[in-house]
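Close look at the chain arrangement
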Amino acid sequence: MLLETLQLSDGIWQNLPWHEARLNRSGRETLGWQTDLNLAQHLAVPPGHKQGVFRGRLLADASGVVSVTLTPYVQKPINTLALAERPDLVYPHKWANRRAFADLLAQHPTADDVIITHNGYLTDVTIANIALFDGKTWFTPAHPLLPGTRRAQLLGAGQLTEADIHVQNLPDFQCICLINVFRELSLEAAVPIPVRL
């Protein structure tokens with residue numbers, strides 16, 4: 001089943017146009033959808049969810065949206081990152097089965113997350129896209145495992161620049177920021193370079 005992880009913040013669903021675009025693209029390419037979904041029609045705000053931040057978990061199959069569940073969001077601190085070379089790991093669509101990512105994290109128990117590389121080139125961490133700051137510009141890997149919704153939004157706003165970033169280029173950067181629907185692009189949230197390699 002396809003998965004979309006959504007943010008409900010003080011009763012307002014965040015970044016819906018980007019989530020809708022990604023979900024519909026994946027539905028067409030993998031499940032044979034002929035008609036695009038209007039996500040807003042499937043996303044009510046239940047009583048008791050008008051204040052605070054919640055993680056929405058939307059599952060979809062060939063028939064459309066199967067379920068939407070909400071849980072309070074608690075951000076996991078990320079202070080250390082390990083590198084893992086996995087050219088075999090491809091993830092162009094967001095699936096509910098994330099076993100490969102769980103296995104990677106289990107293989108690096110002393111790191112908070114893992115930067116996955118393909119032939120030495122950075123892609124993503126297990127929970128987010130990444131952006132690297134060189135003191136002037138934020139760069140993001142040109143070939144992520146999964147093009148994220150926050151990444152798409154930031155690229156569209158001109159706040160990110162795509163680039164091929166090799167492990168050997170890491171010393172050229174000051175810090176790494178994890179970006180996803182819950183994680184904003186900011187120096188305050190970034191992890192210093194060098195990361196744990």
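Residues numbered from 1 in each chain as written. Predicted model: local features only at pLDDT ≥ 70, side-chain atom pairs only at ≥ 80, totals over all residues. Heavy atoms only, no water.

**A word on the sheet that holds strand 6 (residues 113–118)**
Sheet architecture is open: three strands sit in the order 5-6-7, paired in mixed fashion. Among the strands making up the open sheet, the edge pair consists of strand 5 (81–85) and strand 7 (121–125). The sheet shows a mean angle of 35° between the axes of neighbouring strands, direction not considered. The pairing of strand 6 with strand 7 spans three bridges and is classified as antiparallel. Paired with Thr-117 across the strands is Leu-122, a residue of strand 7. Seen against the sheet, helix 2 (residues 99–107) touches strand 5 and strand 6 and runs at an angle of roughly 110° to strand 6. (Pairing = 2+ DSSP bridges. Helix = DSSP H or I, 4+ residues; strand = E, 2+ residues; numbered from the N terminus. Axes fitted to C-alpha atoms, helices over the stretch in contact; angles between N-to-C directions. Contact = heavy atoms within 4.5 Å.)

**Remarks on the nonpolar core**
A general feature of soluble globular proteins is that nonpolar side chains tend to end up buried together. Within the largest apolar cluster, 16 residues are counted, with the highest numbers of intra-cluster contacts made by Ile-130, Leu-132, Ile-176 and Leu-178. In contact with Ile-130, not counting residues within four places along its chain, are Ile-115, Leu-122, Thr-123, Asp-124, Val-125, Phe-139, Thr-140, Pro-141, Ile-176, Cys-177, Leu-178 and Ile-179. Listed in part, the 13 residues of the second largest apolar core include Leu-6, Leu-8, Leu-58 and Ala-60. (Core = buried A, V, L, I, M, F, W, Y, C linked by side-chain atoms within 4.5 Å. Buried < 20%, exposed > 50% of the residue type's maximum accessible area, 1.4 Å probe, protein only.)

**Comments concerning the layout of surface pockets**
For the largest pocket, the calculated volume is near 680 Å³. If you go around the largest pocket, you meet 34 residues; those closest to its centre are Thr-5, Lys-94, Arg-98, Ile-127 and Asn-180. Breaking the lining of the largest pocket down by element, the ones donating at least two residues are strand 1 (2–9), helix 1 (16–31), strand 3 (53–61), strand 4 (64–72), helix 2, strand 7 and helix 3 (149–156). In terms of residue class, the lining of the largest pocket is built from 16 nonpolar, nine polar and nine charged. (1 Å grid on protein atoms, 1.4 Å probe; cavity = no way out; pocket = protein on both sides within 12 Å on 5 of 7 lines; lining within 4 Å. Points joined across faces, edges and corners; volume = space filled by probe spheres on them. Nonpolar A, V, L, I, M, F, W, Y, C, P; charged D, E, K, R; others polar.)

Spatial relationships are all this shows, so hold off on functional conclusions.
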